[in-house]
Amino acid sequence: MEQHDYPLQALLYSVALHRYLRWRMPDYRPDAHLGGIAYLFLRGMTGARARTDGPAGVFEWAVPPGLVVSLSDLLDGRPPEGWVA
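Calculation notes
- Residues numbered from 1 in each chain as written.
- Predicted model: local features only at pLDDT ≥ 70, side-chain atom pairs only at ≥ 80, totals over all residues.
- Heavy atoms only, no water.
- Helix = DSSP H or I, 4+ residues; strand = E, 2+ residues; numbered from the N terminus.
- Buried < 20%, exposed > 50% of the residue type's maximum accessible area, 1.4 Å probe, protein only.
- Contact = heavy atoms within 4.5 Å.
- Areas by Shrake-Rupley, 256 points an atom, 1.4 Å probe, with all protein chains shown as cover.
- Expected span 1.5 Å × (residues − 1).
- Phe/Tyr/Trp six-rings, centres within 6.5 Å; stacked < 30°, edge-to-face > 60°.
- Lys NZ or Arg CZ within 6 Å of the ring centre and 35° of its normal.
- Axes fitted to C-alpha atoms, helices over the stretch in contact; angles between N-to-C directions.
- Parallel < 35°, antiparallel > 145°, perpendicular 65-115°, else oblique.
- Nonpolar A, V, L, I, M, F, W, Y, C, P; charged D, E, K, R; others polar.

Enquirer: Honestly, the overall build of the chain in this entry has me stumped. Any pointers?
Expert: Check the secondary structure of the chain and you find 3 helices and 2 strands. The 85 residues of the chain split such that 24% are buried. Sequence-distant contacts, at least 24 apart, represent 54% of the contacts inside the chain between residues at least 6 apart. In the structure as shown, the chain presents an accessible area of about 6500 Å², 57% of it carried by carbon and sulfur atoms.

Enquirer: Explain helix H1 (residues 6–24) here, please?
Expert: Working note: α-helix, 3.6 residues per turn, so residues spaced by three or four point in the same direction. Counted at 1.5 Å a residue, the expected span for H1 with its 19 residues is 27 Å, and the 27 Å between its end C-alpha atoms agrees. Summarising the contacts, the buried residues of H1 are in contact with helix H2 (30–33), strand E1 (37–40), strand E2 (58–61) and helix H3 (65–75).

Enquirer: Can you walk me through the packing of aromatic side chains in this structure?
Expert: How two aromatic rings sit relative to each other is set out by the distance from centre to centre and by the angle between their planes. Counting across every chain of the model gives 5 aromatic pairs. Their ring planes at 65° and their centres at 5.8 Å tell us that Tyr 20 and Trp 23 sit as a pair that is edge-to-face. Of this pair, Tyr 20 and Trp 23 both sit in helix H1, separated by 3 residues, roughly a single helical turn. What makes Tyr 20 partly exposed here is its relative accessible area of 44%. An aromatic cluster of three or more residues is present, and its members are Tyr 6, Tyr 39, Phe 41 and Phe 59. In this arrangement the basic side chain of Arg 24 is found over the ring face of Trp 23, its NZ or CZ atom lying 5.1 Å from the centre.

Enquirer: Even after reading the chapter, I still don't get the packing of H1 against H3, so can you show me in this structure?
Expert: Between two packed helices, the angle of one axis relative to the other and the distance separating the axes together describe the packing. Contact geometry of H1 with H3 gives a least axis separation of 9 Å together with a crossing angle of 85°. The angle between H1 and H3 falls in the class roughly perpendicular. Residues Leu 11, Leu 12, Ser 14, Val 15, His 18, Arg 19 and Arg 22 of H1 form the contact with H3, whose participating residues are Leu 67, Val 68, Val 69, Leu 71, Ser 72 and Leu 75. Of the residues in the contact of H1 with H3, the class split is 8 nonpolar, 3 polar and 2 charged.

Enquirer: So what exactly am I meant to see when it comes to H3 here?
Expert: Residues Val 68, Leu 71, Ser 72 and Asp 73 constitute the buried set of H3. Downstream of H3 by a residue or two, Gly 77 has a phi angle that is positive, lying close to 90°.

So this is what it looks like as structure tokens:
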């Protein structure tokens, strides 16, 4: 997963979703409306007995809403809140 930058991809998709929800929902709050991400790799799903540290073929991440908002601001050319240059 990390070798192919899937966490970065998930974060960028979360930023895109954040921007869409901010545009479309008048009462949008990232901490209430953003959830985590999950990638399901069907070829890797071999059953519960295959691993003890979680389901095989599943990558989950509870992306912190503050990280999504900060990266969105940074990509807009604004320093994130609390940023010290």
